[in-house]
Amino acid sequence: SNAVTRHQPKATITTMMNSLLDSEGYRRRFDELLGKRAPQFISSIVSLVNADKNLQLAFQQAPVTIIQSALQAATYDLPIDPALGYAYIVPFNNSVKLEGGGYQKRMEASFILGWKGMNQLAIRTGVYRNINVVDVRQGELKSYNRLTEEIEIEWVEDEKARDDLPIAGWVGYYRLINGMEKTIYMSREQIVAHENNNRKGKNRGKGWKNN
């Protein structure tokens with residue numbers, strides 16, 4: 001009986017997911033976007049929901065938000081496994097306005113593009129010669145002009161010694177095929193402030209807490 005109980009939620013989510021995909025015509029859209037890879041992608045949605053209690057709640061309260069978020073990932077042809085870091089389906093406890101007035105909390109899912117996903121989309125354009133982001137350790141940054149974006153960094157060559165130094169910030173750079181280039185440096189404090197100002201809600205799942 002324990003085995004039956006353990007597998008019941010998965011079976012229920014799988015059944016409900018298939019029913020929703022068929023009734024609303026979403027399956028046809030996944031087929032159009034992914035072809036033969038559609039069944040595997042849909043299976044990954046089920047696995048994702050099964051692995052996250054908040055996503056299970058979103059699937060009960062607002063299942064279409066999960067499907068629509070997954071469709072966005074499929075449109076970009078990016079995997080939704082959070083361990084890969086290309087795209088995330090993140091649950092948020094949103095306030096939803098009721099018809100009779102007032103608000104009610106509801107767990108909903110949102111699509112969020114990971115940095116690896118952004119990088120992948122940029123590479124696919126075929127216009128980038130170089131694109132990269134690296135951390136800058138304490139003492140390595142000698143100067144940075146915000147206006148001209150001229151930067152001087154003296155990298156610590158000893159990797160072990162460098163790993164022991166705290167991260168002071170991050171520098172991003174790209175150069176296009178046509179020669180245009182851009183550099184941006186942000187300190188750790190600027191990154192943290194940016195994250196706090198732009199984070200939607202307080203719920204940070206896998207890929208957000210530690211990265």
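Residues numbered from 1 in each chain as written. Predicted model: local features only at pLDDT ≥ 70, side-chain atom pairs only at ≥ 80, totals over all residues. Heavy atoms only, no water.

Novice: Tell me about the sheet that holds strand S7 (residues 181-187), and name the residues and values.
Specialist: Strand order in the open sheet formed by three strands is S3-S6-S7, and the pairing between neighbours is antiparallel. Strands with a single pairing partner mark the edges of an open sheet, and in this sheet they are strand S3 (128-137) and S7. With direction set aside, neighbouring strand axes in the sheet form an average angle of 10 degrees. In terms of strand pairing, S3 meets strand S6 (residues 167-176) through nine bridges, oriented antiparallel. Bridged to Asn132 within S6 is Tyr173. Along the sheet, helix H8 (residues 188-198) makes contact with S6 and S7, crossing S7 at roughly 85 degrees. (Pairing = 2+ DSSP bridges. Helix = DSSP H or I, 4+ residues; strand = E, 2+ residues; numbered from the N terminus. Axes fitted to C-alpha atoms, helices over the stretch in contact; angles between N-to-C directions. Contact = heavy atoms within 4.5 Å.)

Novice: Would you mind going over the side chain of Glu140 in detail, with residue names and values included?
Specialist: For Glu140, the position within the fold is in the loop between S3 and strand S4 (141-144). What makes Glu140 buried here is its relative accessible area of 0%. In this structure the side chain of Glu140 is engaged in a polar contact, spanning 2.8 Å, whose partner is the backbone nitrogen of Val156. (Buried < 20%, exposed > 50% of the residue type's maximum accessible area, 1.4 Å probe, protein only. Polar contact = N/O pair within 3.5 Å; in protein donor to acceptor, adjacent residues only side chain to side chain.)

Novice: I'd love a proper account of the pattern of salt bridges, names of residues and values included.
Specialist: Using the criterion set out here, one finds eight salt bridges in the structure. A salt bridge links Glu32 to Arg29, with the nearest nitrogen and oxygen atoms 3.3 Å apart. Linking Glu32 with Arg29, this pair stays in helix H2 (residues 26-34), spanning three residues, or about one helical turn. Judged by relative accessible area, Glu32 falls into the exposed class, the value being 54%. The class for Arg29 is partly exposed, based on a relative accessible area of 37%. Salt bridges sharing common partners tie together Asp135, Arg137, Glu140 and Arg162. (Salt bridge = Lys/Arg side-chain N within 4 Å of Asp/Glu carboxyl O.)

Any functional reading would require information beyond the geometric quantities listed.
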